[in-house]
Amino acid sequence: GAHKLPPVPVKLASVSSCLPCPPGFFSDAPGAKMCTGCAAGRFSDPDGGAGATECTPCPVGEYAITVGSYQCTQCPKGRYSEDQGTRECATCPIGLYMDQLGASSCHGCPFEEMTTAFRGATELSDCLCVDGYFHRCQSDDSSQLHLSCDALEE
């Protein structure tokens, strides 16, 4: 669920001063005496960097772990976020990998006879043949790597 920090007082320079809420905070009530921090998974950084009336959910592939964020961070390699407003990125499960930042899903290993040995794999090379299969690499004319798994035969 969304965690909210208590409101943060904003010091007023004088009785008649109105100050914008700082980045990462918002105020949605007229006459507010303080700003509220954006919940984890949300951020505020309006034009000019202040004065938000609401917080925006982090986009898919990004997260904000702390309350009061003014920006979201891309999910690291091996992790992903398929929903908006994510507090933390999910780890790619066994059999999948992600070699890029800011992913909304993970890639599957190229053959069904392949898997990964651990969660959070970050490279295609983390894909290994399952028991009973071995890995054979072949190069074609353009020197591109072709992965194939052939069953061991007795």
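Just so we're clear, the structure is a prediction, and the values are computed from it rather than from any experiment.

### Regarding the overall build of the chain
At step 1: In terms of helices and strands, the chain carries 0 helices and 15 strands.
At step 2: Sorting the 154 residues of the chain into buried and exposed places 29% on the buried side.
At step 3: For the chain, the exposed area adds up to about 9,900 Å²; of that, 51% sits on carbon and sulfur atoms.

### Observations regarding the state of the cysteines
Among covalent bonds in proteins, the disulfide is the one between the sulfur atoms of two cysteines.
At step 1: In total, this model carries 6 disulfides according to the counting rule given.
At step 2: Here cysteine 58 pairs with cysteine 72 through a disulfide, and the sulfurs are 2.1 Å apart. Residues cysteine 58 and cysteine 72 share a disulfide whose torsion about the S-S bond is about -85°; that sign makes it left-handed. Here the residue cysteine 58 occupies a position in the loop between strand S5 (56–57) and strand S6 (62–63), and cysteine 72 occupies one in the loop between S6 and strand S7 (73–74), the gap between them amounting to 14 residues. Each of the two residues, cysteine 58 as well as cysteine 72, counts as buried.
At step 3: Across the disulfide, cysteine 92 is cross-linked to cysteine 106 (sulfur-sulfur distance 2.0 Å). Of note, the bridge from cysteine 92 to cysteine 106 carries an S-S torsion of about -85° and is left-handed in sense. Note that cysteine 92 is positioned in the loop between strand S9 (90–91) and strand S10 (96–97) and cysteine 106 in the loop between S10 and strand S11 (107–108), a separation of 14 residues in sequence.
At step 4: Judged by its relative accessible area of 0%, cysteine 92 falls in the buried class.

### A look at the environment of arginine 119
At step 1: With respect to the helices and strands, the residue arginine 119 is situated in the loop between strand S12 (114–116) and strand S13 (127–129).
At step 2: The exposure class of arginine 119 is exposed, given its relative accessible area of 55%.
At step 3: Put simply, arginine 119 and leucine 96 are 23 residues apart on the chain and 7.8 Å apart in space, counted from C-alpha to C-alpha.
At step 4: When near neighbours in sequence (up to four residues on either side) are disregarded, arginine 119 contacts Thr91, Cys92, Pro93 and Ile94.

### Brief notes about the environment of phenylalanine 43
At step 1: Within the secondary structure, phenylalanine 43 sits in strand S4 (residues 42–43).
At step 2: Note: C-alpha distance between phenylalanine 43 and valine 67 (24 residues apart in sequence) is 8.5 Å.
At step 3: Here phenylalanine 43 is in contact with Cys38, Cys55, Thr56, Pro57, Cys58, Ser69, Tyr70, Gln71 and Cys72, once residues within four sequence places are set aside.

### Observations regarding the confidence of the model for the chain
At step 1: Residues of the chain with pLDDT of at least 70 account for 73%, and the chain-wide mean is 82.
At step 2: Counting interchain partners and residues more than four positions distant, the pLDDT-below-50 stretch residues 138–154 has 32 contacts.

### A short note on the environment of leucine 96
At step 1: Position of leucine 96 relative to the elements: it lies in strand S10.
At step 2: The class for leucine 96 is partly exposed, based on a relative accessible area of 27%.
At step 3: Setting aside residues up to four positions removed in sequence, leucine 96 forms contacts with Cys106, His107, Gly108, Thr116 and Ala121.

Cut-offs used in this document
Residues numbered from 1 in each chain as written. Predicted model: local features only at pLDDT ≥ 70, side-chain atom pairs only at ≥ 80, totals over all residues. Heavy atoms only, no water. Helix = DSSP H or I, 4+ residues; strand = E, 2+ residues; numbered from the N terminus. Buried < 20%, exposed > 50% of the residue type's maximum accessible area, 1.4 Å probe, protein only. Areas by Shrake-Rupley, 256 points an atom, 1.4 Å probe, with all protein chains shown as cover. Disulfide = S-S within 2.5 Å. Contact = heavy atoms within 4.5 Å. pLDDT = per-residue confidence, 0-100.

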